Amino acid sequence: LDGFLMQQTNFPIEIIIHDDASTDKTADIIREYQDKYPDIFKPIFQKENHYSKGIKPFPNFVWPKAQGKYIAICEGDDNWTDPNKLQLQVDFLERNKNVSLCFHNALIKNHLKKSEKTLKNKRKEYYTTKDVIMSKWFCPTASIVFRKAVINLYLKSGVPKNIINGDLLMLFFASLLGKIYYLERTMCVYNLGVPGSLTQKLKTGKRLALYKSKLNFLLYVNKITRYKYVHFIIIKITMVFLAMFKSIFFRY
């Protein structure tokens, strides 16, 4: 929350926080910030946990409440570290109308391996729908800023509930509306292996559910794009199956 508040911008921001009936006093902390900054913090407090019922918080509760021209995402186990992050990304989007989403480098903290590194592997400047389909993980969720039009497309596209890769869907819809731009500047921390996070759950044997979700995503993309990328999708599906079988083989 302090990473949000330290942002230096020439435009107003709103901070929408969704608390899914947490039991660890997170709601009390959010209320403290809301009392101090009532014009900025727009919390959503749930009385019962919706995620456990298969209801996705972002499309069902958070995005419909967003009023801004641009949307930034930062999940609960990550944080922003640069006070100029939002201004730099919004300025770029304002200058480049053909770009629908901007993301940047991140410090990756791996809590399982006790290591830290930035995304120093060779990065492309612009990414397309083909890259979203074929690439391995390349975009830290906490680094994303995109146009609200991306949300509007997401909400009206009838996304199946069996796709859990929400950030991958966001990149896909953004790629349909314009280019995805990579900004070579480290402005957030992306945590891996934090207790309760997806990466920690994968370590405890839930990889098969993620592989299934990836397959559902690829089939959905194939349908939405009217089979335009079917060649690449077939290749990617084959890669997912190989990874799935490898995971099962080494597990047992």
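Structure: see above.
Residues numbered from 1 in each chain as written. Predicted model: local features only at pLDDT ≥ 70, side-chain atom pairs only at ≥ 80, totals over all residues. Heavy atoms only, no water.

Enquirer: Could you give an account of the pattern of salt bridges, naming the residues involved and the relevant values?
Expert: Taken as a whole and assessed by the stated rule, the structure comprises seven salt bridges. Put simply, Arg-31 and Asp-28 hold a salt bridge, and the shortest N to O gap is 4.0 Å. Here Arg-31 pairs with Asp-28, and both are found in helix α2 (residues 26-36), just three residues apart, close to one helical turn. A relative accessible area of 38% places Arg-31 in the partly exposed class. Put simply, Arg-185 and Asp-82 hold a salt bridge, and the shortest N to O gap is 3.0 Å. A residue pair is termed long-range when its members are at least 10 positions apart, and Arg-185 in strand β9 (residues 179-192) and Asp-82 in the loop between β4 (79-80) and α4 (85-95) qualify at 103 residues. Its relative accessible area of 34% is what places Arg-185 among the partly exposed residues. (Salt bridge = Lys/Arg side-chain N within 4 Å of Asp/Glu carboxyl O. Helix = DSSP H or I, 4+ residues; strand = E, 2+ residues; numbered from the N terminus. Buried < 20%, exposed > 50% of the residue type's maximum accessible area, 1.4 Å probe, protein only.)

Enquirer: So, the environment of Leu-219: which residues are in play, and what are the values?
Expert: By the element assignment, Leu-219 lies in helix α9 (residues 207-224). Judged by its relative accessible area of 51%, Leu-219 falls in the exposed class. Considered as a pair, Leu-219 and Ile-234 are 15 residues apart in the sequence and their alpha carbons are 9.4 Å apart.

Enquirer: So what's going on with the layout of surface pockets? Which residues, and what values?
Expert: A volume near 190 Å³ is recorded for the second largest pocket. If you go around the second largest pocket, the residues you meet are Gly-54, Ile-55, Lys-56, Pro-59, Asn-60, Tyr-154, Leu-155, Gly-158, Val-159, Pro-160 and Lys-161. Class assignment for the residues of the lining of the second largest pocket results in six nonpolar, three polar and two charged. (1 Å grid on protein atoms, 1.4 Å probe; cavity = no way out; pocket = protein on both sides within 12 Å on 5 of 7 lines; lining within 4 Å. Points joined across faces, edges and corners; volume = space filled by probe spheres on them. Nonpolar A, V, L, I, M, F, W, Y, C, P; charged D, E, K, R; others polar.)

Enquirer: Before we move on, could you go through the side chain of Gln-87 and cite the residues and values that matter?
Expert: By the element assignment, Gln-87 lies in helix α4. Gln-87 sits in the buried class, given a relative accessible area of 12%. A polar contact of 2.7 Å, which involves the side chain of Gln-87, links it to the backbone nitrogen of Asn-10. Beyond its immediate chain neighbours, meaning those up to four positions away, Gln-87 contacts Gln-8, Thr-9, Asn-10 and Phe-11. (Polar contact = N/O pair within 3.5 Å; in protein donor to acceptor, adjacent residues only side chain to side chain. Contact = heavy atoms within 4.5 Å.)

Enquirer: Kindly report on the nonpolar core, identifying the contributing residues and their values.
Expert: Of all hydrophobic cores here, the largest spans 41 residues; its most connected members are Leu-101, Phe-103, Val-132, Phe-146, Phe-173, Ile-180 and Phe-217. For this core, the secondary structure elements donating two or more residues are β5 (99-110), α5 (129-134), α6 (148-155), α7 (166-177), β9, α9 and α10 (230-251). The element contributing the most residues to this core is α7, with seven residues. Once you skip the residues sitting within four places of it in the chain, Val-132 turns out to touch Phe-138, Leu-168, Leu-171, Phe-172, Ser-175, Ile-180 and Phe-217. Residues Trp-80, Leu-93, Ala-106 and Ala-142 belong to the second largest nonpolar core, which totals 26 residues. (Core = buried A, V, L, I, M, F, W, Y, C linked by side-chain atoms within 4.5 Å.)

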